[in-house]
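Descriptive structure summary
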Amino acid sequence: MDRQTVSLNGQWTVVFDDQNTGKEQRYYEKFPSGGKAINVPGVWEEIRPGYDGVGWYKTKFEAPAGFESKTVRLHFGAVNYYSEVYLNGERIGDHESGYTPFEFDISKLLKSGTNDLVVRVINPPKRRYIEGFRTGAPLSQSDIPTWKAGWYYNFGGIWQDVSLIITPRVYIDDIFVEPLPKKQTARVHVTVVSAAAGQAELTVDIAAAKGSKKTGGDARATMKLKKGATVKTFNIKISDMQLWDTENPFLYNCLCKLHSKSGVDELGTRFGMRTFTAKGTHFYLNDKRIVLKGVLQQGVYPKHIVFAPDKQMLRDELNMIKQNGMNFFRLHLKPDPQTLDMMDEMGILACEEPPLAWIQNSPQITRRCLTEVDGLIKRDRNHPSIIMWCLLNETYHYRSFTWQAMDKLRKTISNRARDLDPTRIVGDNSGGGAKHGQSAGAMMPYERKYTPMRDLHQYCSVPIKEEEMESRYRKLPREGGPVYISEFAALECPPDYEKTLARYSAADKKIGLEDYAQYQSYYDSLKQRFEQANLKPIFGSVAKLIEQADQRVCEDIRTIVGSIRTSPHLGGYAICQIADASGEIFGVTDIWRQPKKHFQDFAAGAATPLLVPHFKRRVVEPGERLNFELYCVNEEKVGAKYTAQVVLKNLETGRKVDGVNQDFVATGWVQTVLKTRFDAPKKPGRYIAEVTLKETGKVRNRNSLRFTVVEVPALEKPQVHVPALDDELKAALKTVGIQPIPSSNNTATKELPFLFMARGIESQGVRIEVLQQISRQVRLGGVAIMLEPAAPVFYDSLLPWPIRLMVPMRSMAYARPHPILEGVPDKGFLEYEYSHLLPGVRTNPEDVKAAGGTTIVGGIGAHMWTQPDEYQWSSMIDEIPVERGKIIMVQMPLVKRAAADPVARRILRNLVEYAHSQIKPGLDDRSVGRCMDPIDEPA
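Residues numbered from 1 in each chain as written. Predicted model: local features only at pLDDT ≥ 70, side-chain atom pairs only at ≥ 80, totals over all residues. Heavy atoms only, no water.

**Regarding the side chain of His 916**
How we decide: Only DSSP runs of H or I with at least four residues qualify as helices, and only runs of E with at least two residues qualify as strands; both kinds are numbered from the N terminus onward. Relative accessibility decides the category of a residue: with a 1.4 Å probe and only protein chains considered, values under 20% of the type maximum give buried, values over 50% give exposed, and everything between is partly exposed. Every residue pair with non-hydrogen atoms within 4.5 Å of one another is taken to be in contact.
Its location among the elements puts His 916 in helix 18 (residues 902-918). Residue His 916 is classed as buried on the basis of its relative accessible area, which comes to 11%. The contacts of His 916, once residues within four sequence positions are left out, are Lys 717, Gln 719, Leu 752 and Pro 753.

Laid out in structure tokens, this is it:
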């Protein structure tokens, strides 16, 4: 054939133009000396981490033999973000878009022998403009679509392949295969480009891509060509047609051959015969209902940042999902084109997205969005693995758009996507935000009208709350289009930093690769916080802390996925996310795709059949009724005769305390197998419900869910001073058996602890003179319990130093053994028992420590998105000495939760008992006095 493809990949030279003076100095004619060697494809952060701005690339290549009678195109897979291309000193064109292919016809500019190729690249910085370009992020939006470069890794350079494509003057430019399996037909659209009007003979052959299967078809026609592009469409009947699906990903080759006076051109593509659509709340692949089960993939990788170090890592990543019973990737904002061929071959489904998120409105934004949609769909529309396009993400974050402007944009780009590809679902907004009560809109295949599609970002609290499993997942509505939970979980879970960092070479570390430096910074910070918070007595080591952090979410993720799957209206789910990506350290694997411990629990949720246990409440008091439900997810596997076994065991002893067996026949996609009640054990402690599904004696599935029995004994010393008693506090104290003794400036003494809600004065809280009197009694040896202190007045009045408040971004709560936590889990990371008690507003433990205090319940978690790359430390229960006495500060919402939560009741009880035990005798003669009187002598 006359077509040739010559790779220009390899080692190029790059010069960084920090001051953006290269055009003035005509680098394209006289390239400066002193450039650095750089690999293409690659990102320039590999040799200069952290650089944003302008760079100039140069290479040389030899003109192909006989090029004078050929068309020669210079093809770039992707250059981020704006590029100007020069050949032999002459500007041949520019391109804006950092993620999709572009090319130039250089036939008339080539010269015999060696040619000089120079590419000027602008990677828009985050905080300044270069020629009108600046990359954005949710809190700093810009009008260029650049993935998450403004808050992940901002990358620049020629990061995809570069090649010369040599063809006859008349050549095949594009092939789009439209599969019509119900008609056993492939509709093949062939675009031919000609420099002048004429005609050519075009043949199309379709055959199995692999193996000896005799299936396919062919067609031929004489084409009348106009100058420029001419499209010819063939309807080719396929004999013995084979469908492409997840179990049998059968692929066809479509080979097009063009005969013209200028020569013979040949171009091929692979495709699959399949349909994918939605009916009601469900998705259907080849008319068979299917649930999408898988992961969100951010396209972040080690070393090269935005593409994998090698194809084996890509293949391993896909195998990890496929071999664990899942079938789906949400390719989020920056899909890596290398993965799609593998997904086609392995039978993995994908929703693919252009980089349109967190953008601001401008006169250029529609054009720029259309460029991204055009490039993505034209490049990838023959891949059978892609079953949906989703064009926007979380439009409710786009602050500069009116609803009318956003509605116009989403319709414009959706219609362009439909023009380019009639065969797939076109979703307009992942994560909702549209009007009219629908979370997103979608065009079904071959339709232009919008139908609702609930593309949900459905995050829940972690540790999980039982009621959220019900409201967010089990009770997905039956109306309103397909239900697709495209983001959930995001579990704070550090990777094994030692293992992660060990994968980088000495050279990587010396260069200071951005991903390496970031994870090293996180690890250094975690070690610093570990030391600062005195966590060694709790966890033993940082490695053990990481291990326990991973262990703590195993049950959570299994429960979340199980709850999602018990909805009979579920269309699909994708966890956020498969791998750690920049500061979003909540992948089920680390950045190297090394699985974390909870990956197997996540994967277990994809099994079919699947037993899912559920307690209405998982924390109860001795003898209380436990409402238990058991579901079985059958999907299409119905008719089997099963036995479900439920065994309740004491986790400490392993002794069985209750149980039940239930025989049933699998019916329906999801069925309720059992609704029953157990009497909670009388002995306090942690228990587990182990569920086993058997078919003719063979185990088909196992699952488990823990629950806890918490005893709240009567108080030995129930009386406390309460200087301000409102109805909420009164009810909570009554529930626990605490006896409030009214206290004022005149009646306060240190013989009883003080307990009060530390609301602000404007909320009719404790008066300032009463606070000063409490301070007097504490300094004499008394104890005060401040519940949910929120205003600086309390710190100023009771403590001689400032204690600041904080709102950490993410946090893993922990506790150290202490009498305040007697009778509840009190060492290591806090789990489901505390799910309703972990507040957003917390105390700054560094201030507590500086004051000589101790954090009893704290939190530690990675700060993300906005830097610095560090772990934050926060506290929820603190004990601070004040002269002879002490202040106990509690941010947990114990009062609000006292009626419903045994843990809240037990902690309230323990606080009072402990406070009584800490009152120091003596100096009683100084207790009585005005708040302003000195206490260094009797009043």
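**Some points on the packing of helix 1 (residues 311-322) against helix 2 (residues 338-346)**
When two helices pack together, their arrangement is given by the angle between the helix axes and the distance between those axes. Formally: Here the axes come from fitting lines to C-alpha atoms, over the contacting stretch only for helices, and the angles between their N-to-C directions go from 0 to 180 degrees. Here is the rule for angles: anything less than 35 degrees is roughly parallel, anything more than 145 is roughly antiparallel, 65 through 115 is roughly perpendicular, and the remaining ranges are oblique. Take the far helix as the reference: if the near one is turned anticlockwise from it by less than a right angle, the crossing is left-handed, and if turned clockwise, right-handed.
Put simply, helix 1 and helix 2 touch, their axes get as near as 10 Å, and they point 40° apart. The angle between helix 1 and helix 2 falls in the class oblique. Crossing angle aside, the handedness with which helix 1 passes helix 2 is right-handed. Residues Lys 311, Leu 314, Arg 315, Leu 318, Asn 319 and Lys 322 of helix 1 touch helix 2, and the partners they reach there are Gln 338, Thr 339, Met 342, Met 343, Glu 345 and Met 346.

**Side note on the nonpolar core**
Rule in force here: The nonpolar core is taken to be a set of buried Ala, Val, Leu, Ile, Met, Phe, Trp, Tyr and Cys residues, with the residues joined through side-chain atoms within 4.5 Å.
Counting residues in each nonpolar core, the largest one holds 123 residues, and the members touching the most others are Phe 488, Tyr 497 and Phe 602. Once residues lying within four places of it in the same chain are set aside, the contact partners of Phe 602 are Gly 294, Val 295, Met 326, Phe 488, Ile 557, Val 561, Tyr 573, Ile 575 and Val 588. Of all hydrophobic cores here, the second largest spans 43 residues; its members include Val 720, Leu 755, Met 757 and Leu 830.

**Details of a nonpolar patch on the surface**
As a reminder of what qualifies: Note on patches: the residues involved have over 30% relative accessible area and no salt bridge, like charges join within 9 Å, and the nonpolar side chains Val, Leu, Ile, Met, Phe, Trp and Tyr join within 5 Å. Surface accessibility follows the Shrake-Rupley procedure with a 1.4 Å probe radius. Residue values consider only the protein chains on display as shielding. Here, a salt bridge means any side-chain nitrogen of Lys or Arg that lies within 4 Å of a carboxyl oxygen of Asp or Glu.
A cluster of nonpolar side chains, namely Leu 805, Val 807 and Val 841, defines an oily patch on the protein surface of about 240 Å² accessible area. Within the secondary structure, Leu 805 is located in strand 45 (residues 805-806). Residue Leu 805 is classed as partly exposed on the basis of its relative accessible area of 33%.

**Some points on empty space enclosed by the protein**
For clarity, the threshold we go by: Cavities and pockets were defined on a 1 Å grid built over protein atoms only: a cavity is a set of grid points that admits a 1.4 Å probe from which the probe cannot escape, a pocket is an open set flanked by protein on both sides within 12 Å along at least five of seven lines, and lining residues are those with an atom within 4 Å of any such point. Grid points are joined across faces, edges and corners, and a volume is the space filled by probe spheres set on the points. Under the scheme applied, nonpolar residues are Ala, Val, Leu, Ile, Met, Phe, Trp, Tyr, Cys and Pro; charged residues are Asp, Glu, Lys and Arg; polar residues are all the others, including Gly.
Per the stated rule, a full pass over the model turns up 5 cavities of 30 Å³ or more. Here the largest cavity defines a volume of roughly 60 Å³. Together, Phe 176, Val 177, Pro 179, Phe 271, Gly 272, Arg 274, Arg 381, Asn 382, Pro 384, Thr 423 and Arg 424 line the largest cavity. At 3 residues, strand 13 (residues 171-180) tops the list of elements feeding residues into the lining of the largest cavity. When its residues are assigned to classes, the lining of the largest cavity shows 5 nonpolar, 3 polar and 3 charged.

**Regarding the packing of helix 8 (residues 514-532) against helix 10 (residues 542-552)**
It is at 10 Å that the axes of helix 8 and helix 10 come closest, and there the two elements cross at 100°. It follows that helix 8 is roughly perpendicular to helix 10 by the angle criterion. Along the contact surface, helix 8 presents Tyr 523, Leu 526, Lys 527 and Phe 530, while helix 10 presents Val 542, Leu 545 and Ile 546. The residue inventory of the contact of helix 8 with helix 10, partitioned by class, reads 6 nonpolar, no polar and 1 charged.

**Here's the deal with the side chain of Glu 470**
Relative to the helices and strands, Glu 470 is located in helix 5 (residues 466-474). In this structure Glu 470 touches Lys 475, His 614 and Lys 616, once residues within four positions along its chain are discounted.

**Concerning helix 14 (residues 768-779)**
Applied cut-off: In this scheme, a helix's expected span is set at 1.5 Å multiplied by one less than its residue total.
The end-to-end C-alpha distance of helix 14 is 17 Å, a good match for the 16 Å that 12 residues give at a rise of 1.5 Å each. Within the span of helix 14, buried status applies to Val 770, Leu 771, Gln 773, Ile 774, Ser 775, Arg 776, Gln 777 and Val 778. Where helix 14 ends, the next residue or the one after it, Gly 781, has phi of about 125°, a positive value.

**Section: the environment of Phe 602**
Relative to the helices and strands, Phe 602 is located in helix 12 (residues 599-604). Judged by relative accessible area, which is 0%, Phe 602 ranks as buried.

**Structural notes on the pattern of salt bridges**
Going through the model one piece at a time under the given rule, you end up with 61 salt bridges. Residue Arg 368 is joined to Glu 96 by a salt bridge in which the shortest nitrogen-to-oxygen separation is 2.5 Å. Of this pair, Arg 368 sits in helix 3 (residues 365-380) while Glu 96 sits in strand 8 (residues 90-96), and the two are 272 residues apart along the sequence. Among the residues examined, Arg 368 registers a relative accessible area of 7% and is labelled buried. When its relative accessible area of 16% is taken as the criterion, Glu 96 is described as buried. Of the charged contacts, one joins Arg 424 and Asp 421 as a salt bridge, the two residues approaching to 2.8 Å between their closest N and O atoms. We classify Arg 424 as buried; its relative accessible area is 3%. The buried category is assigned to Asp 421, whose relative accessible area is 0%. What you see here is one network of salt bridges that share partners, running through Lys 23, Glu 84, Arg 91, Asp 94, Arg 120 and Glu 131.

**Some details on the confidence of the model for the protein**
Put simply, the rule is: The pLDDT value tells you how sure the predictor is about a given residue, anywhere from 0 up to 100.
Confidence in the prediction of the protein, expressed as mean pLDDT, is 93, and 97% of residues score 70 or more. Low pLDDT, under 50, characterises residues 434-438; the predicted model gives this stretch 6 contacts beyond four residues in sequence or across chains.

**Description of the state of the cysteines**
Put plainly, a disulfide is one covalent bond tying together the sulfur atoms of two cysteines. This is how it is decided: Cysteine sulfurs are considered disulfide-paired once they come within 2.5 Å of each other.
Taken as a whole and judged by the stated rule, the model has 0 disulfides. Residue Cys 493 stays outside any disulfide, its sulfur separated by 7.8 Å from that of Cys 554, the closest cysteine. Of the cysteine sulfurs around Cys 576, a residue in no disulfide, the closest is that of Cys 460, at 12 Å. Judged by relative accessible area, Cys 576 falls into the buried class, the value being 3%.

**Some points on the environment of Thr 167**
Mapped onto the elements of the fold, Thr 167 is located in strand 12 (residues 162-167). A relative accessible area of 0% places Thr 167 in the buried class. As for Thr 167 and Phe 67, which are separated by 100 residues in sequence, their C-alpha atoms are 9.0 Å apart. Not counting chain neighbours up to four residues away, the residues in contact with Thr 167 comprise Asp 2, Arg 3, Lys 70, Thr 71, Arg 73 and Asp 265.

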